[in-house]
Each structure stands twice: as C-alpha cells, then as structure tokens.
There are 2 protein chains.
Amino acid sequence: MSRNNNQDLRDKLLQSARELLVSKGYRGFSLRQVARETGVSATSVYIYFENKDHLIHTLIEQSISELNERLEKVYGSLTDPEERLKGFAEAYVNYALEHPREYQIIYLASPEDMTRYPKEKFRKARRGYEFLTDTIKEAVRQDIFDEPYPRTAAYTFWAQLHGVMSVVLSKRLDTRIDQQEFIEQAISHILHGFQMRTALQQKPNI
Amino acid sequence: MSRNNNQDLRDKLLQSARELLVSKGYRGFSLRQVARETGVSATSVYIYFENKDHLIHTLIEQSISELNERLEKVYGSLTDPEERLKGFAEAYVNYALEHPREYQIIYLASPEDMTRYPKEKFRKARRGYEFLTDTIKEAVRQDIFDEPYPRTAAYTFWAQLHGVMSVVLSKRLDTRIDQQEFIEQAISHILHGFQMRTALQQKPNI
DNA sequence: AACAGTGGTTAACAGTGTTAACTAACAAAT
DNA sequence: ATTTGTTAGTTAACACTGTTAACCACTGTT
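Residues numbered from 1 in each chain as written. Chains lettered and ligands numbered in written order. Predicted model: local features only at pLDDT ≥ 70, side-chain atom pairs only at ≥ 80, totals over all residues. Heavy atoms only, no water.

Trainee: Can you walk me through helix α11 (residues 179-194) of chain A in this structure?
Mentor: Side chains that are three or four residues apart share a direction in an α-helix, a result of its 3.6 residues per turn. With 16 residues, α11(A) extends 23 Å between its outermost C-alpha atoms, agreeing within 8% with the 22 Å of an ideal straight helix rising 1.5 Å per residue. Listing the buried residues of α11(A) in full gives A:F182, A:I183, A:Q185, A:A186, A:I187, A:H189, A:I190, A:L191, A:H192, A:G193 and A:F194. (Helix = DSSP H or I, 4+ residues; strand = E, 2+ residues; numbered from the N terminus. Expected span 1.5 Å × (residues − 1). Buried < 20%, exposed > 50% of the residue type's maximum accessible area, 1.4 Å probe, protein only.)

See the structure below:
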C-alpha cells in the first residue's frame, strides 16, 4: 500500500473532504480537519491541491459530473421531448433531495471565486445544459414548444428548478406548506411555462 | 457624540459590516475587520451581537426589510393582479441587480444556521409572501388564475425568481446568453406558468 | 557514489472567532 | 461623600484556521 500513492492519497483526501463537507457542512469544514481525518499532515493537501478553494472546486466538479450522468441516463431512456423535460426535472430534484449537502456544494462557489478558476473547467459542467437545449430544440421542431432561443430557455429551466430546490434545502419554506406538494406544484408550473404561449398569451377562454 | 452610544455604536458596527460585506464579499469579511473599521476593539462587537452569525443575520433582516418595502410599494401602486405580479417580479429583479451583494447575503444563511435562530424572526420576512399570496388569491377570485393553493403558489413564484437571479448573480450564465434577454424571458416564462392551466394539465400525477 | 526529484514532514506566520478578566465612567444608595 | 453596582468598553489569551518556508527520507538515474 505504498506504490502509486500519487493518485491514491489525492483520492483519499477528496473522499475525506467530501465526507466532512457533507457531515459538518461548509462552516465546519477545514483543510486541517480533512488532513487529520485522512491521517496525514495538513500541508500534504497542498501537494495535490493548490489551495482550499481548488480542493472544494474539485469536489464541485465531481458532484456536477454525477448529476450530469443522471441527466444523461434520462436523456437516453426517453425520446418524447416533454417526457424528457419532465424526466430531467425529476432527476434533478431527486439528486438534490438525496444529496442535499452535495447539491448545495455545487451552488456554493461565489462569483468572486469562479473568476479565479479557468472558465473552461465549466465546459464539462455544461453538458447537462446541452441535453436540455437539445430537448427543447427538438420540441420546437415538433411544434410542441415555441422557443426562439432554446439555449436561453434551457438556462431558464435550470434556474427555476434550482430556485425551487434552493428554497427547499435552505428550509425557507413556510411550515404550513408541504414540501412534496410544493416541489410537485413548482415542477408543474415550470413545465407549464414552456407550453405553447402564443395561443394563451391573451385572455384564455372558458 | 458620546451620549446614547448604546444604539449609536451598534448602528455604526452594522454599517461598517455592511460596507465590508458588500465591498469584500463574504470571504473577506471578519469581525475584527469590522471592529477595526469602526475604530473599536474586536470584543466590543460581542456587546451588541451574540456572535458573528447574529451580526450577519441582522444584516440579512435589514436587507429583507428593504426588499419588502419595494414590494409593498408595488402592491400599493397597482391593482390588477397580473400587473401586480409582473411588478413584483420586476421589483425583485431590480433589487437583486442594484444590490447584488446584499441580495446574496439574504440567501447566504445556510440551513444549519437558520435553526439556531428563533424562527419567528422570519415572520417579518414573510410579509413579502403575504403580498404575493394576496395577489394570487385575488387573481383566483377573478378567475384569472386557477391555483388551488395560493400560498404554495406564492412560494413557487419566489423560488423561481430567486433561481433566475441566483444564476445571474453567481455568473453561471453561458457567455453566449445575454443577461437582460435571459431575465426577461425567464420572467415571461414564470408568469406564463401561472396562467390558466386546467385545459392543459392532462397528466396531473408526477 | 553522487544527484536530483518526489512525497511527505515540522515549524512558523498572520489571521480568525470567542471567552475571561479587567478597568474606567457613571448612577443610585447609604 | 463615600460606597456600591452596572454598564460599555478594554487587553490578553485560547484554540483554531489557511498558507508558506525549510527540511528530511526515500526513490531511481546517472
């Protein structure tokens, strides 16, 4: 157990870091604690990560990848655009509910940090958006949606979903509101917002 | 300038804290720095605030109040439910754009902190939701919307808006997407999601 | 056998939140 | 008028933190 320590320790550090971040949350997260947990000196972390931010950033990338894999699975298992869209929403919500802390990690990085990292690193993260953009484009092609800018629409979709889960996970929901109910209704609203708008835009009949 | 220092210094601390948080962001924010800036010893802060979290929390409350005031203004100046809803959205977005750091402060508090504070403190924060809930109820009364749970719908509305602004402010938007365009389209989608749904909602089950 | 590189160490610096112990100023009580 | 208690502030200290510099023990190469 000492040959290719190279990648070995790096992975162990990442795992300890993730566990700590998930169990103690962001506040109780420290490099030294990670090192302690891994049974290694604090400065060793700096051999594999430029600094604390970079370690966390790596964690974020991992989580984004896992989320994207789920989305890809949905994309591959469904063909109807509307079904896919709903599938995306559910996969997204489920990931957030199953891994709340990790989900929050993804959205943790503040803008000032982001700029310090190479922006290309987020290209991989955008894969999820591509699935979504494709789906919307397909829906437009099939005359199901009427979106002039599918990419913008894709970001709108994610943003709304993120808002919903953000509110849920940060426990800002009114206690009188049932969480499950809230999520379902929100998804329903979001999906509905994408349905043909031209016909309804004015005063609806009935 | 030394009589009722009581409230005086407290306010000065809050002001310094806000300036620091806005200029340096959350990372570069420290109690000691706040004290230094105010020209007072670090421990003085503990006379007026239980700890760092409580200080920040007070800042949050202030920002929420300011935001709520804007919403109240909208509520008072418009009567048509749909107009009001749109007005709320715009006021919300404008506040976020004009005071990005302060907006982010509002949504900074992580769930683990929240529980440490008396939940009632957020009652005042809920005023905004009440304006919105009222508006939706009124829309339902006028047969414009068809929302079985106006309160839930209100939270859905906020959540979606928050998601949109969160994405914008954390600079996660694809560089190819115009920010202004994105916001407008998102608002349009969100509002549309509230328009009459009965005719379209074929599959109500998740 | 000497060399450089790698992966790790310990020691130290500057900074943090927070607590404990103290002091100066002032109001009230005797 | 002196004692008392309270209040608003102080300094000193503790246990942390992220990060850097200097060092050390190995490895494989020449």
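Once the structure has been displayed, the description carries forward.
Trainee: Got a minute to help me understand the packing of aromatic side chains in this structure?
Mentor: The description of two aromatic rings rests on the distance between their centres and on the angle between their planes. Throughout the structure, instances matching the rule amount to 20 aromatic pairs over all chains. Judged by centre distance (5.6 Å) and plane angle (90°), the rings of A:Y92 and A:Y103 are edge-to-face. Of the two residues, A:Y92 sits in helix α5 (residues 81-98) while A:Y103 sits in helix α6 (residues 100-106), which places them 11 residues apart along the sequence. Accessibility expressed as a relative area gives 3% for A:Y92, which makes it buried. Relative accessible area serves as the criterion here: at 2%, A:Y103 is assigned to the buried category. Just above the ring of B:Y75 sits the side chain of B:R84; from NZ or CZ to the centre is 4.0 Å. (Phe/Tyr/Trp six-rings, centres within 6.5 Å; stacked < 30°, edge-to-face > 60°. Lys NZ or Arg CZ within 6 Å of the ring centre and 35° of its normal.)

Trainee: Just to check I follow, could you spell out the packing of α11(A) against helix α9 (residues 150-169) of chain B for this structure?
Mentor: The contact between α11(A) and α9(B) brings their axes to 10 Å, and the two run at 60°. Comparing the axis directions of α11(A) and α9(B) gives the class oblique. Pair α11(A) / α9(B) crosses with right-handed handedness. On the side of α11(A), the interface is formed by A:F182, A:Q185, A:A186, A:H189 and A:I190, while α9(B) contributes B:T152, B:A153, B:Y155, B:T156, B:A159 and B:Q160. (Axes fitted to C-alpha atoms, helices over the stretch in contact; angles between N-to-C directions. Parallel < 35°, antiparallel > 145°, perpendicular 65-115°, else oblique. Left-handed = near helix turned anticlockwise from the far one by under 90°. Contact = heavy atoms within 4.5 Å.)

Trainee: Explanation requested: the protein's contact with DNA strand C in the structure shown.
Mentor: Around DNA strand C, a shell composed of 18 residues is seen, among which A:S44, A:Y48, B:L31, B:R32 and B:T43 lie nearest. A distance of 3.0 Å separates a base oxygen of DNA strand C from a polar side-chain atom of A:T43. In this structure, a base nitrogen belonging to DNA strand C sits 2.4 Å away from a side-chain N or O atom of B:R32. Of all the secondary structure elements, the ones that give two or more residues to the surface near DNA strand C are α1 (5-24) and α3 (45-48) of chain A together with α2 (31-38) of chain B. Within the surface near DNA strand C, the residues separate by chemical class into 6 nonpolar, 8 polar and 4 charged. (Near = heavy atom within 4 Å. Polar contact = N/O pair within 3.5 Å; in protein donor to acceptor, adjacent residues only side chain to side chain. Nonpolar A, V, L, I, M, F, W, Y, C, P; charged D, E, K, R; others polar.)

Trainee: How should the relation of the copies chain A and chain B be read in this particular structure?
Mentor: Superposition of the two copies of the chain requires a rotation about an axis together with a shift along that axis. Superposing chain A onto chain B takes a rotation of 180° combined with a translation of 0.0 Å along the rotation axis, leaving an RMSD of 0.1 Å. Read as a symmetry element, the transformation amounts to a two-fold axis. Looking at chain A, 92% of its interface residues are interface residues in chain B too, so the copies touch through the same face. (Least-squares fit on C-alpha atoms with pLDDT ≥ 70 in both.)

Trainee: Looking at this model, I keep getting lost on the protein's contact with DNA strand D. Mind explaining?
Mentor: In the vicinity of DNA strand D, 18 residues are found, and the nearest of them are A:L31, A:R32, A:T43, B:S44 and B:Y48. Each atom of DNA strand D within 4 Å of the protein was classed as base or backbone; sugar and phosphate made up 52%. Residue B:T43 places a side-chain N or O atom 3.0 Å away from a base oxygen belonging to DNA strand D. Between B:Y48 and DNA strand D, the recorded distance is 2.2 Å, taken from a side-chain N or O atom to a phosphate oxygen. When the residues that make up the surface near DNA strand D are grouped by side-chain class, the tally is 6 nonpolar, 8 polar and 4 charged.

Trainee: Honestly, α9(B) in this entry has me stumped. Any pointers?
Mentor: All names here are of chain B. Relative to the 28 Å expected for 20 residues at 1.5 Å per residue, α9 spans 28 Å between its end C-alpha atoms, a close match to the ideal helical length. With 19 of its 20 residues buried, α9 lies for the most part within the structure. Immediately beyond the C-terminal end of α9, within one or two residues, lies K171, with a positive phi of roughly 55°.

Trainee: Help me out: how do you make sense of the confidence of the model for chain A in this one?
Mentor: Low pLDDT marks regions whose predicted coordinates should not be analysed in detail. Residues and elements named next belong to chain A. Put simply, chain A has an average pLDDT of 88, and 86% of its residues get 70 or more. Mean pLDDT across the secondary structure elements of chain A bottoms out at helix α7 (residues 111-114), with 59, and peaks at helix α2 (residues 31-38), with 98. Confidence drops under pLDDT 50 across residues 199-206; counting only partners more than four residues distant or on other chains, this segment forms 5 contacts. (pLDDT = per-residue confidence, 0-100.)

Trainee: Could you clarify how one ought to interpret the nonpolar core in this entry?
Mentor: Grouped burial of nonpolar side chains is what soluble globular proteins tend to show. Within the largest apolar cluster, 122 residues are counted, with the highest numbers of intra-cluster contacts made by A:F157, A:F182, B:F157 and B:F182. Sequence-distant contacts of A:F157, defined by excluding residues within four places in its chain, comprise A:L85, A:F88, A:A89, A:L132, A:I190, A:L191 and A:F194. (Core = buried A, V, L, I, M, F, W, Y, C linked by side-chain atoms within 4.5 Å.)

Trainee: Sorry, what's going on with the side chain of A:S63 here?
Mentor: Within the fold, A:S63 resides in helix α4 (residues 52-77). Not counting residues up to four positions away in its chain, the partners in contact with A:S63 are A:R18, A:Y95, A:E102 and A:I106.

Trainee: Teacher, can you tell me more about the interface of chain A and chain B here?
Mentor: Quoted interface sizes are often the accessible area lost when the parts come together. Facing the 60 residues of chain A at the interface are 58 residues of chain B. Carbon and sulfur atoms make up 54% of the area that chain A and chain B hide from each other, which totals about 5300 Å². Linking chain A to chain B there are 4 salt bridges. Here B:D53 and A:R27 are joined by a salt bridge, their closest N and O atoms 2.8 Å apart. Inspection of the chain A/chain B interface yields 10 residue pairs in polar contact (both at pLDDT 80 or more). It is helix α10 (residues 150-169) of chain A that provides the largest number of residues to the side of chain A that touches chain B, a total of 13 residues. Considering only residue class, the side of chain A that touches chain B consists of 22 nonpolar, 18 polar and 20 charged. (Buried area = accessible area lost by both parts, 1.4 Å probe. Salt bridge = Lys/Arg side-chain N within 4 Å of Asp/Glu carboxyl O.)

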